[in-house]
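Fold and contact review
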Amino acid sequence: PTQHSVKMMMQLGLRPDFLCCRGKEMLEDGVRKKLALFTSVPEQAIISLHDVSNIYRVPLMMVEQNLCGMLAQRLRLPKYRRHGLKYNAVPDLCELKNSKIFREWTELANSVDQPENDCTIAMVGKYCDQGDAYLSVVKALTHASIATKQRLKIEFIDSSELEGGDEETMARLLKCDGMVVPGGFGSRGFEGKINAIRKAREEKIPFLGICLGMQAAVIEYARSFGGMPTAHSAEFQKDLTEGKDDVVIFMPEGDRERMGGTMRLGARETILQDGSLARKLYGHERIMERHRHRYEVNPIYASKLEELGMKFVGKNTDASGERMEVIELDNDVHPYFVGAQFHPEFTSRPEKPNPLFLGLLEVVKKQKGFDASS
């Protein structure tokens, strides 16, 4: 198939410089020579992409076969180019094997293969039947699990099933080591998220709420401790009484009449309160995180809820300075109860997990009796 594919490419006027061959086993020398003979691709430029223990070993495998050096020579990059040499005859021009990034990436790949414990995180949402709906959140959790050397399992919990008192679903939820309530739209399953958050708070389950998840956490707290049993979001209840139960409101600068372009989007700066858990996790007073929302926590209730124990430790730097960005409960009340109006999953990377996800997985590991700093 490889030879035929190259032949078809050449008929179209395309001549490959490299062949990256996917397969179960590593390419044997005889196969490489045969491919080189029938495709006119130099033998050294035929790269074996065979099965490895985890996906993070694939870049290491490419470096080991000098793909980076040959590619730099073929592209004639001024910093690395060696005059008079064919691209398939150059050494490791980029010297990646001796670099810090190569060592760190190798450690990352090794940690995936050598977890110290298992952990199960509940993903409470309503798009559980759509595999990619929460992909960014799943990847962010994966990055944090790698950093903390844990084997991650995601337990998808349909929040709609928690609205009717489904005992089996609730039992699955309570067996999990931590909980994430991600963002979403629409009223379906919202009360189920409220019920899940209440259980996380009462049972001391490490919790992270994102966007709507944070708003739900504030509403749950207002209902439970603020004497506001009808507290709700203006996104789902249009007849809320101002100053009584409108805990989450439409952003003042928003336009209800215009369709499209009404979201608060993109990277925005947040100021974190000194001494807060969020400040400790990020290590900075000011952070930049990406947003995607139309509704926000009503700032008129912030002082009342803070007196009752919910801390608003992150606020915006816009003109108002009253946009609630991060919430948390004190450590002596809950091991890890954090919510963010922004989407921390968008800035998570394999080699640098987002601090909020990392903090969640560190607490989970500590609760299981392992050293989270190992």
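Going by the structure above, here's the rest.
All residue numbers refer to position in the chain's written sequence, counted from 1. Local features in this predicted model are restricted to residues whose pLDDT is 70 or higher, and side-chain atom pairs enter the listing and the counts only when it is 80 or higher, whereas totals over whole chains, interfaces and linings include all residues. With hydrogens and water set aside, each side-chain value is computed from the structure's full complement of heavy atoms.

A word on the overall build of the protein chain
- Helix and strand counts for the protein chain come out as 12 helices and 14 strands.
- Dimensions of the protein chain, computed from C-alpha atoms along their principal axes, come out at roughly 80 × 50 × 40 Å.
- When the 374 residues of the protein chain are sorted by exposure, 47% land in the buried category.
- Positive charge is attributed to Lys and Arg, negative charge to Asp and Glu, and no charge count is given to His or to the chain ends. Charge coordinates come from a single atom per side chain, which is NZ of Lys, CZ of Arg, CG of Asp or CD of Glu. With 52 positive and 53 negative side-chain charges, the protein chain shows a spacing of 8 Å between the two charge centroids. To qualify as a helix, a DSSP run of H or I must reach at least 4 residues; to qualify as a strand, a run of E must reach at least 2; elements of each kind are numbered from the N terminus. Each residue's exposure class comes from its accessible area (1.4 Å probe, protein chains only) as a fraction of the maximum for that residue type: buried when under 20%, exposed when over 50%, partly exposed otherwise.

Considering the sheet that holds strand β8 (residues 246-250)
- At least two DSSP bridges between two strands are required for those strands to pair. Taken together, the three strands give an open sheet; going across it, the order is β7-β8-β11, and neighbouring strands pair in mixed fashion. Only two strands of the sheet have a single neighbouring strand rather than two, namely β7 (232-233) and β11 (295-297).
- Bridge count between β8 and β11: three bridges; the pairing is antiparallel. Among the inter-strand pairings, Ile249 is bridged to a residue of β11, identified as Glu296.
- Contact criterion: two residues are considered in contact whenever any of their non-hydrogen atoms come within 4.5 Å of each other. To define axes, lines are fitted to C-alpha atoms, for helices over the stretch in contact only, and angles between the resulting N-to-C directions are given on a 0 to 180 degree scale. The strands that helix α9 (residues 212-225) touches are β7, β8 and β11; relative to β8, the one it contacts most, it runs at about 150 degrees.

Considerations on the sheet that holds strand β4 (residues 150-158)
- Here nine strands make up an open sheet; going across it, the order is β4-β3-β5-β6-β14-β13-β12-β9-β10 and the pairing mixed. A strand with exactly one partner marks an edge of an open sheet, and here the two such strands are β4 and β10 (286-293). Sheet twist, expressed as the average angle between the axes of neighbouring strands with direction ignored, equals 25 degrees.
- In the packing of helix α12 (residues 355-367) onto the sheet, the strands contacted are β3 (117-125), β4, β5 (178-181), β6 (207-210) and β14 (337-340), and the crossing angle to β6 comes to about 160 degrees.

Looking at a negative patch on the surface
- Negative charge collects at one region of the surface, where Glu161, Asp166, Glu167 and Glu168 lie side by side.
- With respect to the secondary-structure elements, Asp166 resides in the loop between β4 and α7 (167-174).
- You can call Asp166 partly exposed: its relative accessible area is 31%. Candidate patch residues must exceed 30% relative accessible area and have no salt bridge, after which like charges are joined if within 9 Å and Val, Leu, Ile, Met, Phe, Trp or Tyr side chains if within 5 Å. Shrake-Rupley sampling with a 1.4 Å probe provides the accessible areas, and residues are treated as covered by the protein chains on show and by no other component. A side-chain nitrogen of Lys or Arg and a carboxyl oxygen of Asp or Glu constitute a salt bridge if their distance falls within 4 Å.

Re the packing of helix α6 (residues 135-147) against α12
- The geometry of α6 relative to α12 is characterised by a closest axis approach of 9 Å and an angle of 55 degrees between their N-to-C directions. Taken together, α6 and α12 sit at an angle that is classed as oblique. Where α6 crosses over α12, the handedness of that crossing is right-handed. Only Phe357, Leu358, Leu360 and Leu361 of α12 make contact with α6, whose side of the interface consists of Val137, Ala140, Leu141, Ala144, Ser145 and Ala147.
- Charged means Asp, Glu, Lys or Arg here, nonpolar means Ala, Val, Leu, Ile, Met, Phe, Trp, Tyr, Cys or Pro, and polar covers whatever is left, Gly included. Residues of the contact of α6 with α12, tallied by class, amount to nine nonpolar, one polar and no charged. Oblique is the label for any angle not covered by the other classes, which are roughly parallel (under 35 degrees), roughly antiparallel (over 145) and roughly perpendicular (65 to 115). Crossing handedness: left-handed means the near helix sits turned counterclockwise from the far one by under a right angle, and right-handed means the same turn made clockwise.

What to know about unusual backbone geometry
- Despite not being glycine, Arg76 shows a phi value in the positive range, around 60 degrees.
- Locating Arg76 in the fold gives a position in the loop between α4 (67-74) and α5 (100-113).

Some remarks on the nonpolar core
- Ranked by internal contacts, the top residues of the largest apolar core, which has 43 residues, are Val124, Leu173, Met179, Val247, Met310 and Phe312.
- Tallying contributions element by element places α9 first for this core, with eight residues.
- Apart from the residues within four sequence positions on either side, Phe312 is in contact with Val218, Gln273, Val297, Ala302, Leu305, Glu306, Met324, Val326 and Ile327.
- Nonpolar cores are built from buried Ala, Val, Leu, Ile, Met, Phe, Trp, Tyr and Cys residues. Side-chain atoms within 4.5 Å join them into one set. Met123, Val137, Val138 and Val338 belong to the second-largest nonpolar core, a separate cluster that totals 31 residues.

A few points about the packing of aromatic side chains
- A pair of Phe, Tyr and Trp rings is counted when the ring centres sit within 6.5 Å of each other, with Trp represented by its six-membered ring. The angle between the planes then sorts it: under 30 degrees is stacked, over 60 is edge-to-face, the rest tilted. Within the structure shown, the criterion is met by seven aromatic pairs.
- With a centroid separation of 4.7 Å and 50 degrees between ring planes, the pair formed by Phe190 and Phe236 is classed as tilted. With Phe190 in helix α8 (residues 190-202) and Phe236 in the loop between β7 and β8, the pair connects residues that are 46 residues apart, well separated along the chain.
- Among the residues examined, Phe190 registers a relative accessible area of 2% and is labelled buried.
- Judged by centre distance (5.3 Å) and plane angle (75 degrees), the rings of Phe250 and Tyr295 are edge-to-face.

Some points on the pattern of salt bridges
- Using the criterion set out here, one finds 17 salt bridges in the structure.
- We note a salt bridge from Arg57 to Asp113, for which the minimum N-O separation is 2.8 Å. Separated by 56 residues along the polypeptide, Arg57 in the loop between β2 (46-50) and α3 (58-64) and Asp113 in helix α5 bring together distant segments of the chain.
- Across the salt bridge formed by Glu191 and Arg223, the nearest N and O atoms sit 2.9 Å from each other. Separated by 32 residues along the polypeptide, Glu191 in helix α8 and Arg223 in helix α9 bring together distant segments of the chain.
- Residue classification places Glu191 among the partly exposed residues on the basis of a relative accessible area of 27%.

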